[in-house]
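A look at the structure
As a plain string of letters, each chain reads:
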Protein chains: 2
Amino acid sequence: MEDVVGRSKWEIDTPALLVDLKKLERNIRRMADFFKNRPAGLRPHFKTPKTVEIARMQLGAGAVGITCAKVSEAEVLVEGGVMDILIANEVAGRAKAARLAELNRRADVKCAVDDSLQVAALSEAAAQAGVTIGVVVDVYVGLPRCGVRPEEAAGLAAQVAKADGLRLAGVMGYEGHVVSLEDPDERRTEAEKSMAALVQAAESLRAAGLSCEIVSGGGTGTYNVSGVFPGVTEIQAGSYCLMDVKYAKIMPEFEKAATILATVCSKAPALPGWTVTDAGMKSMTREFGLPELIGVPDTRTVLLSEEHSQLQTEGGESGLKVGDKVEFYPSHICTTINLHERMYVLENDRVVGVWPILGRGRSQ
Amino acid sequence: MEDVVGRSKWEIDTPALLVDLKKLERNIRRMADFFKNRPAGLRPHFKTPKTVEIARMQLGAGAVGITCAKVSEAEVLVEGGVMDILIANEVAGRAKAARLAELNRRADVKCAVDDSLQVAALSEAAAQAGVTIGVVVDVYVGLPRCGVRPEEAAGLAAQVAKADGLRLAGVMGYEGHVVSLEDPDERRTEAEKSMAALVQAAESLRAAGLSCEIVSGGGTGTYNVSGVFPGVTEIQAGSYCLMDVKYAKIMPEFEKAATILATVCSKAPALPGWTVTDAGMKSMTREFGLPELIGVPDTRTVLLSEEHSQLQTEGGESGLKVGDKVEFYPSHICTTINLHERMYVLENDRVVGVWPILGRGRSQ
């Protein structure tokens, strides 16, 4: 694989995930600049890039730590030298609580709770490993998933504060139901509602004499609303560094830095105007829509099979022939990266590095 | 991982892909029995299990060889000792043609063509490696993807027969647009139309004095129609060995042998009647519908996030608590397996083996 370094991107075998280094750097810088001289900090979410090299760039640009989704991602981060991590999720089951405790021997790896059974399991695991685990209370801010109602947060936080081996670190609440709303006014209004609920929970902890250092929320679609909401201390944005078709529509200040390279494998000889490439559902996800073909006039993606994407050209032929290479913008970068083993890093369309996506595809 | 062997399935960390060995064996035997004493043979598709242990079981039960979707899967199969492989796809680009030629030093790895540019690239790669590559002509039988029209098949086959380093092995045509039709009569009628087109192509080769040993088509939804169609020599069924919700509806003679094990990570305290597990879109795909929760009364999957599935209980609570484990049937087994590193093999709900899914997630 590494023998492609120095070569043109068109020589990379396909399907492949490509990343434009300058765009990635500009996205990281742009977001870091937003948080410079503001009360809130940025804790970029690892669930998008899943690649330690990118986490290190984000920390180098001033991020206060890294957010991730699960213990297996935290293991990759700790192995890569990241010392301050928030798993923005409940950690389920004894086996994972034990792995989390183990990580806390080497780094500060916090997680969320929304149930006293989780508090008990974490406390037991911390005691067995002889460590202290930082814990935030997950607050329901409108996303139909996890989290206690704001008025229940102080009660659960008090349990955390009393539990052996746990350190109450604050609260979190993710407005995932808001981050993709296309209307900017609606997005702002709804994000502010969510953050008001989160800050209300934080204040209820303090009113009960409990500490609440971290107040964490936000995503790429709301960083500029939630990130300036009074009382919020951290934003968990992930997609901004690489972007995708869905987010580019609503957050045009970030550049689409990731593409999928594919090869035309068939001209679909029975179907006038069709072209078939070798990147399908096992290389690009489609839950947020079909990936967007780049730069082929009048031609768009119309179908994905497991190992093919079918392109159709309006009123004619694409001019593409078997063996030609094309690129797509992914519609959902977080799940698309999860399908790839590595990303090819480009500068001026030349490969300057191949980064292993160590956090991908680790289901447990 | 291997330390779970001998333990109960409920002790496996989650999310995890589980396979019931007896059901898998019965599915393999049932399909093998169908093809016993029939003119056509079974060449099971590796794109579903992606696991060498299963391919070996299928060969042991009488399969004539293995079908796969791409060169990286063929590499895994050859490494695992499989000697007769059909890549039921066009192989795109010089790099992959070279890899395919390399494999033909050690095994018989055939592929499909539908364009003279592919014929030229394969011929060049075969010459460079000093091998002969078996080639089938891909015939359009109604699926909007690859393949030449039946009346064009003999022309392209003649090019293959003349090309240095290539051996004309026959024709293939996949009726992928038919295999999931729910109405059995419509499925039969449409499959027969497709196979008639394929056999017409085969006959046109023979009429032109060309050899046509392989006439390959069919899938799990059409094996009993296409597999008895006069002139068809091989069926490429894949899903039958592990099955999923979609295929179980139309092919009840095979058992759902694969499940996803998940842990309840949150009782969604703000949402009465909801339960959240740790298996989301990064562990189970949803392009064919939501995965089916098993055995929790009045409770069903209503949403998938990246790392969560949300369950809803009709008119009450599920009785599940944080830390409990539940199982799902995947809606689409082929893409779901592609998300997992290994499968836990069970007998009487005890782990008897852990098989690496070596063919998964290799995009190139």
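Keep in mind that what you see is a predicted model, and the values were worked out from it rather than measured.

**Regarding the relation of the copies chain A and chain B**
The two copies are related by a screw motion: chain A maps onto chain B through a turn of 180 degrees and a shift of 0.0 Å along the axis, at an RMSD of 0.0 Å. Put plainly, the chains are arranged around a two-fold axis. Taken as a fraction of all interface residues of chain A, those also at the interface in chain B reach 100%, which identifies the copy contact as same-surface.

**Remarks on the interface of chain A and chain B**
Every contact between the two is made by 60 residues of chain A and, on the other side, 61 residues of chain B. No other element matches strand E10 (residues 258-266) of chain A, which puts four residues into the side of chain A that touches chain B. When grouped by side-chain class, the residues that make up the side of chain A that touches chain B number 23 nonpolar, 18 polar and 19 charged.

**A few points about the nonpolar core**
Within the largest apolar cluster, 242 residues are counted, with the highest numbers of intra-cluster contacts made by Ile87(A), Val171(A) and Val171(B). Discounting residues that sit within four places of it in the chain, Val171(B) has contacts with Val136(B), Val137(B), Val139(B), Ala153(B), Leu198(B), Ala201(B), Ala202(B), Leu205(B), Cys212(B) and Val215(B).

**Considering the sheet that holds strand E4 (residues 84-90) of chain B**
All names here are of chain B. Here we have eight strands laid out as an open sheet, ordered E2-E9-E8-E7-E6-E5-E4-E3, and parallel in their pairing. The strands lining the two open edges of the sheet, one partner per strand, are strand E2 (41-42) and strand E3 (66-68). Pairing analysis gives three bridges linking strand E7 (residues 166-172) to strand E8 (residues 214-217), with the strands arranged parallel. Note on E8: the bridge partner recorded for valine 171 is valine 215. Contacting E7 and E8, helix H7 (residues 184-207) runs over the sheet at an angle of about 160 degrees to E8.

**Brief notes about the confidence of the model for chain A**
Per-residue pLDDT for chain A averages 97, and the proportion of residues at 70 or more is 99%. Confidence estimates for the predicted assembly give a pTM of 0.97 and an ipTM of 0.96.

**Notes on the pairing of E4(B)**
Residues and elements named next belong to chain B. A large share of E4 lies buried, amounting to six of its seven residues. Handedness of the E3-helix H3 (residues 71-79)-E4 crossover: right-handed. Running through helix H4 (residues 94-103), the crossover from E4 to the neighbouring parallel element strand E5 (residues 108-113) is right-handed.

**Considering the packing of helix H6 (residues 153-162) of chain B against H7(B)**
Residue and element names in this part refer to chain B. Where H6 contacts H7, the axes come no closer than 8 Å and their chain directions differ by 50 degrees. Taken as axis vectors, H6 and H7 run oblique relative to one another. Handedness of the H6/H7 crossing: right-handed. Note on element contacts: H7 touches H6 through Ala201, Ser204 and Leu205, opposite Ala153, Ala154 and Ala157. In the contact of H6 with H7, the residues fall into five nonpolar, one polar and no charged.

**Quick word on the pairing of E10(A)**
Residue and element names in this part refer to chain A. Of all nine residues in E10, nine are buried, a share of seventy percent or more. Of the strand pairs in this sheet, strand E1 (residues 16-20) and E10 are connected by four bridges, and their pairing is antiparallel. If you follow leucine 17 over to E10, its bridge partner there is isoleucine 260. Judged from the two bridges that link them, E10 and strand E11 (residues 274-277) form a sheet pairing that is antiparallel. Within the sheet, the bridge partner assigned to serine 266 lies in E11 and is valine 276.

**Describing the sheet that holds strand E6 (residues 133-138) of chain A**
Residues and elements named next belong to chain A. Pairing in this open sheet of eight strands is parallel, and the strands run E2-E9-E8-E7-E6-E5-E4-E3 from one edge to the other. The two strands at the open ends of the sheet, each matched to only one other strand, are strand E2 (41-42) and strand E3 (66-68). Against the sheet, helix H5 (residues 116-129) makes contact with strand E4 (84-90), strand E5 (108-113), E6 and strand E7 (166-172), and its axis sits at roughly 140 degrees relative to E7, the strand it touches most.

Definitions and cut-offs
Residues numbered from 1 in each chain as written. Chains lettered and ligands numbered in written order. Predicted model: local features only at pLDDT ≥ 70, side-chain atom pairs only at ≥ 80, totals over all residues. Least-squares fit on C-alpha atoms with pLDDT ≥ 70 in both. Contact = placed C-beta atoms within 7 Å. Helix = DSSP H or I, 4+ residues; strand = E, 2+ residues; numbered from the N terminus. Nonpolar A, V, L, I, M, F, W, Y, C, P; charged D, E, K, R; others polar. Core = buried A, V, L, I, M, F, W, Y, C linked by C-beta atoms within 7 Å. Buried ≥ 20, exposed ≤ 12 C-beta atoms within 10 Å, placed from the backbone. Pairing = 2+ DSSP bridges. Axes fitted to C-alpha atoms, helices over the stretch in contact; angles between N-to-C directions. pLDDT = per-residue confidence, 0-100. Right-handed = clockwise from strand over helix to strand, strands pointing away. Parallel < 35°, antiparallel > 145°, perpendicular 65-115°, else oblique. Left-handed = near helix turned anticlockwise from the far one by under 90°.

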